[in-house]
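Structure assessment
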Amino acid sequence: MDEFLLKLLINIIISIIIIRFIYYKSTKNSDYVFTYFIVGLIVFLLCYLLKSIELQLGFALGLFAIFGILRYRTSLISIKEMTYLFSIIGLSIINSLTEWFYYKELLVSNIIVIVFIGVLENIFTNKKLKSTTITYVNTKNLDLKNQKELKRSIEKELNITIQKINVKKIDYLNNTTDITIHYSTA
């Protein structure tokens, strides 16, 4: 029971560090925070409680396969969010199935993953780039072939420098378009 509680505590702490202090701090997106925590907890408990099955490696790989298939059965989720989900699932499996005799290796591997995710997040995330979704009115004037003109129009209207535009949804009934803009703050 002590081993279980200690491993669970380690898994929760690792999840908090990755989800709250790396993922959320970087993206400010709370849409997946709940999901990451719950999936991590459920995978940990599932693996820990079923680890008496002698197919530990096959079991772990099977779980990865199942969650990989979920990628194609769910609504669109970005590769970055999927990578965080995969990381939380992987660490939960590692934390639950590793024998306590190897606790040093367990802690070191968790720390390596945290450091690696944190460093990559800081290297590849442009801290000065923000994004927001706007609703563009008057779809008739929207020319998707000429995104440069659309970009210039939005930049002039909002007084910002846009790096990238993604048209998310066109609603011809209400004559509006949802556009995600990625813009510089400096």
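Before reading on, note that the structure itself is shown above.
Note that the coordinates shown come from a computational prediction; the quantities given were computed from them, not determined experimentally.

Focus on the overall build of the protein chain
Assigned secondary structure in the protein chain consists of six helices and three strands. Listing each helix as α and each strand as β along the protein chain from the N terminus yields α-α-α-α-α-β-α-β-β. Evaluated residue by residue, the protein chain yields a buried proportion of 35% over its 186 residues. For the protein chain, the exposed surface amounts to about 12400 Å²; the carbon and sulfur share of it is 64%.

A look at the pattern of salt bridges
Following the criterion strictly, the structure yields three salt bridges and no others. The salt bridge partner of R152 is E149, with a shortest N-O separation of 2.8 Å. One end of the pair, R152, and the other, E149, are both in helix α6 (residues 147–158), three residues apart, so they sit about a helical turn from each other. On the accessibility criterion, E149 (40% relative accessible area) is partly exposed.

Topic: the nonpolar core
The biggest cluster of nonpolar side chains holds 23 residues, and the ones touching the most others in it are I18, Y36 and Y84. Those elements that provide at least two residues to this core are α1 (2–27), α2 (33–49), α4 (79–97) and α5 (103–124). With eight residues, the single largest contributor to this core is α4. Once you skip the residues sitting within four places of it in the chain, Y36 turns out to touch I19, Y23, E81, Y84, L85 and I88. Of all hydrophobic cores here, the second largest spans ten residues; its members include L142, L150, I165 and I181.

So, α1
With 26 residues, α1 ought to run about 38 Å at 1.5 Å a step, and its terminal C-alpha atoms sit 36 Å apart, in line with that. Elements that come into contact with the buried residues of α1 comprise α2, α4 and α5. Once α1 ends, the next one or two residues include K28, with phi positive near 55°.

Side note on a positive patch on the surface
A surface patch of positive charge is lined by R20, K25, K28 and K130. Examined against the element boundaries, K25 turns out to sit in helix α1.

Cut-offs applied
Residues numbered from 1 in each chain as written. Predicted model: local features only at pLDDT ≥ 70, side-chain atom pairs only at ≥ 80, totals over all residues. Heavy atoms only, no water. Helix = DSSP H or I, 4+ residues; strand = E, 2+ residues; numbered from the N terminus. Buried < 20%, exposed > 50% of the residue type's maximum accessible area, 1.4 Å probe, protein only. Areas by Shrake-Rupley, 256 points an atom, 1.4 Å probe, with all protein chains shown as cover. Salt bridge = Lys/Arg side-chain N within 4 Å of Asp/Glu carboxyl O. Core = buried A, V, L, I, M, F, W, Y, C linked by side-chain atoms within 4.5 Å. Contact = heavy atoms within 4.5 Å. Expected span 1.5 Å × (residues − 1). Patch = residues over 30% accessible without salt bridge, like charges linked within 9 Å, V, L, I, M, F, W, Y side chains within 5 Å. Lys, Arg positive; Asp, Glu negative; His and termini not counted. Charge placed at Lys NZ, Arg CZ, Asp CG, Glu CD.

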